[in-house]
Each structure stands twice: as structure tokens, then as C-alpha cells.
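Commentary on secondary and tertiary structure
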Amino acid sequence: MEQHALYFLSYASMATIGGIVSAWAMYGRYKNEGIAMNFNVLKVIFGVALVMWIGVAFANLAYNVNPTNAAIFAFIMGTIFSVFVVWQTKALIRKLHTDAKIIKELSTSCSLTELWNRRVFQERLTLEFARSKRHKHPLSLFLLDVESLGDINTNNGYAAGDKVLLGLAKLLVDSTRNVDLVCRYGSNLITIVLPDTELDNAATFAERLREQIATTPFDVGSGEPLSITVSIGVAAFSEYTETDGALVDAAHDALRGARKLGPNHVFVQTDPPVREQKLSA
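Residues numbered from 1 in each chain as written. Predicted model: local features only at pLDDT ≥ 70, side-chain atom pairs only at ≥ 80, totals over all residues. Heavy atoms only, no water.

**Re the pattern of salt bridges**
The following threshold applies: For this analysis, a salt bridge means a side-chain nitrogen from Lys or Arg found within 4 Å of a carboxyl oxygen belonging to Asp or Glu. The helix count covers DSSP runs of H or I at least four residues long, the strand count covers runs of E at least two residues long, and both are numbered beginning at the N terminus. Residue burial is assigned from relative accessible area. The probe radius is 1.4 Å, only protein chains are included, and a residue is buried under 20% of its type maximum, exposed over 50%, and partly exposed in between.
Taken as a whole, this structure holds 10 salt bridges when the rule is applied. Its salt-bridge partner being Glu-128, residue Arg-131 comes within 3.2 Å of it at the nearest N-O pair. With Arg-131 and Glu-128 both in helix α4 (residues 118-135) and three residues apart, the pair spans about one turn of that helix. A relative accessible area of 24% means that Arg-131 is categorised as partly exposed. One salt bridge connects Asp-196 with Arg-131, and the closest N-O pair in it is separated by 3.2 Å.

Printed below as a string of C-alpha cells:
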């Protein structure tokens, strides 16, 4: 190979390696610091590399007395370059897709219970409320307070409390329909959105769910299984809950009513709501 071809080969190799290193460095910054990747820079670097590899081929064609050997060399080098760049690009894209999926899961679900988080609850409730209002369909909402969770954390440790929450989350998901939405609303609060569910049916289901939770032992991995109870506030879409926020407020009012009755109770928010009754008294 003539000296000119060697120059082009060295430049092409450096540009290719520089492009790969730059791509992975950008990916590292994206993963660790959230800085977006600059694909324009990568296009320039790999563009230069491509020009250099073409230069290798032309240099061999110009200075090699055997055109067949030059053509074979250019084909082999071009193939190696293409395969290498495609391989690295695909690996980088797979990494980006995987990271995006993980980020989405972390932003929409509770890492402990794997239930949907409050953000998803707000978005889904808004959609379901709009659908119910538009088509005059029923919509009910539960707000559950996991009682004695603080005592479990104090007496048995936070690991035991986490396992109880995890077991409760599984029970709730298994006990509800696919169209229902079970969400981690707060540290000891869980909410359930029940589309197309009348208030009376929701109240019956809440009583059955409360009893099921109270009679279910939760295995915490050591010692005796633990039992818990929940207070459940039940509310539904009505003329008194003209917005999704009003429906959430009604569920909070109902939960306060359940707490006033003592542990392990269900309180159904009737129309007009309790707060309306107080105002008119």
C-alpha cells in the first residue's frame, strides 16, 4: 500500500474510533447527568470517517498497479467499517431504549409495591371522569388508609412493613378488575378508581374488600404472619362532584368519616356530601 493510502487509513481509523468513543461518552453523560446526546456531532465525526475510508479506497486505486486488488481492499475495508458502525449504533440505540423504558416505569409506578403512582392516578382519573361526565356513566373512587402500618414499622421493622404493603398491593390487584386502577397515593394511602361502577355496588365491594384484608395474614418472612385493617372512604361521580378534584375531595371526606367510626370501617359519601350537610346545618 502506498504512503497516501496509509495516511487515509490512519485518519479513517482515528475518526471511527473517535466517533465510537464520543457516542459512548455522550451516552454516559445522558445516563448519569441527563444531558441529551448531540447526534449532529456524531454525524460529523462519522461523516469524516466515511470520507477517509473512501480516500483509502481511491488512494489504493490510484497508486496500486493492480486495480483488482485495490477494489477488493476497498470492498473489505468498507464492509468492516459499515458493520462496525452499525453494530455500535444498534448497541447504543438498544441502551437508549432500555433506559427510556426504565425511566418511564420509575416515573409512573411505585418502586416498592409496583402499583401505579399518584401521577398516573391523577392522569387516569381525569380521563375517566371526563368519559363518565360525557357519556353519563357511573364512576366510583376508593381511598384506603392502611392502619397500624406505623406500629408494624416500629415493632417489626421497616422491612416487615414493606412486605405487608407489597402483599396488600398484590391482594388489591388480584381482587379488582382489569379496568380498575389501583394506585399508591401516599405513604399509607392507596386509591382505587372503579369505572362504570355505581355507588351502591362500590360500597358492597368496599365492605367485602375490607373484610378480606382484615382476615388475610401477611407473611413477612420471619415470625408470625401479620394482620392489618384498613379504613375505606367511598365516593362517586354525582352532581355534587362536578370535577375530578371534587371527587377526590369527596373520597377524602369519606375516609375521614371512616376514621371517625374507628379502625376497620367503610364510610360511603352520600349526596349531598358531609361537608354540604355541615354548611346547611
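This is not the end of the story, as more comes after the structure.
**Description of the sheet that holds strand β5 (residues 266-268)**
Selection criterion: Being paired, for any two strands, means DSSP has found at least two bridges between them. Lines fitted to C-alpha atoms define the axes here, with helix axes fitted over just the stretch in contact, and angles between the N-to-C directions of these axes take values from 0 to 180 degrees. Note on definitions: a residue-residue contact is assigned when non-hydrogen atoms from the two residues lie within 4.5 Å.
Taken together, five strands build an open sheet; the order of strands is β2-β3-β1-β4-β5 and the sheet is mixed. Each edge of the open sheet carries a strand with a single partner, namely β2 (181-184) and β5. Averaged over neighbouring strand pairs, the angle between their axes works out to 15° when direction is ignored. Relative to the sheet, α4 contacts β1 (139-146), β2 and β3 (189-195), its axis offset from that of β3 by approximately 25°.

**Considering helix α7 (residues 199-214)**
Keep this limit in mind: Each residue after the first adds 1.5 Å to the expected span of a helix. Summarising the geometry, the arc corresponds to the directions from the helix axis toward the C-beta atoms.
Its 16 residues place the ends of α7 22 Å apart at the C-alpha level, agreeing with the 22 Å of an ideal helix rising 1.5 Å per residue. Within the sequence span of α7, burial applies to Ala-202, Ala-203, Phe-205, Ala-206, Leu-209, Arg-210 and Ile-213. Within α7, the buried residues cover an arc of 165° as seen down the axis, which keeps them to one side. Of the residues in α7, the exposed ones pointing more than 90 degrees away from the buried face are Asp-200, Asn-201 and Arg-208.

**Digging into the packing of α4 against helix α8 (residues 244-260)**
Filter applied, for reference: For classification purposes, angles smaller than 35 degrees are called roughly parallel, those larger than 145 roughly antiparallel, those between 65 and 115 roughly perpendicular, and all remaining angles oblique. Handedness of a crossing follows from how the near helix is turned relative to the far one, being left-handed for an anticlockwise turn of less than a right angle and right-handed for a clockwise one. Polarity classes work like this: nonpolar for Ala, Val, Leu, Ile, Met, Phe, Trp, Tyr, Cys and Pro, charged for Asp, Glu, Lys and Arg, and polar for all others, with Gly in that last group.
At a closest axis distance of 9 Å, the pairing of α4 and α8 adopts a crossing angle of 115°. It follows that α4 is roughly perpendicular to α8 by the angle criterion. You can see that α4 and α8 cross each other, and the crossing is right-handed. Judged by residue contacts, Phe-121, Leu-125, Thr-126 and Phe-129 of α4 engage Asp-244, Leu-247 and Val-248 from α8. The residue makeup of the contact of α4 with α8, split by class, is five nonpolar, one polar and one charged.

**Considerations on the environment of Glu-207**
You can see Glu-207 is positioned in helix α7. C-alpha of Glu-207 to C-alpha of Phe-267: the two residues are 60 residues apart in sequence and 9.4 Å apart in space.

**A short note on the pairing of strand β4 (residues 230-236)**
Threshold: By convention, a crossover is right-handed whenever its connection, traced from the first strand over the helix to the second and viewed with the strands pointing away, goes clockwise.
Burial of β4 is extensive: seven of the seven residues sit out of reach of the surface. Neither face of β4 is left uncovered, since the one carrying Val-230, Ile-232, Val-234 and Ala-236 and the one carrying Ser-231, Gly-233 and Ala-235 both have all their residues buried. Of the strand pairs in this sheet, β1 and β4 are connected by seven bridges, and their pairing is antiparallel. In the sheet register, Ser-140 faces β4, and the bridge partner there is Ala-236. Relative to β5, β4 runs parallel, the two being bridged by three bridges. If you follow Gly-233 over to β5, its bridge partner there is Phe-267. Taking the sense of rotation as the criterion, the β-α-β connection linking β4, α8 and β5 turns out left-handed.

**Overview of α4**
Count 3.6 residues to each turn of an α-helix, and residues three or four apart come out pointing the same way. Selection rule: For this analysis, a polar contact is any N or O atom pair within 3.5 Å, provided that within protein one partner can donate a hydrogen and the other can accept it, and provided that sequence-adjacent residues contribute only side-chain to side-chain pairs.
Between the first and last C-alpha of α4 there are 25 Å, a value that for 18 residues agrees with the 26 Å anticipated at 1.5 Å per step. Of the residues making up α4, those classed as buried are Val-120, Phe-121, Leu-125, Glu-128, Phe-129 and Ser-132. End-on, the buried residues of α4 take up no more than an arc of 150°, which puts them together on one face. Among the exposed residues of α4, those pointing more than 90 degrees away from its buried face are Leu-127 and Arg-134. Two to three positions downstream of the cap, the backbone nitrogen of Arg-119 sits 3.2 Å from a side-chain oxygen, assigning the N-cap of α4 to Asn-117. Phi turns positive one or two residues past the end of α4, at Lys-136, with a value near 60°.

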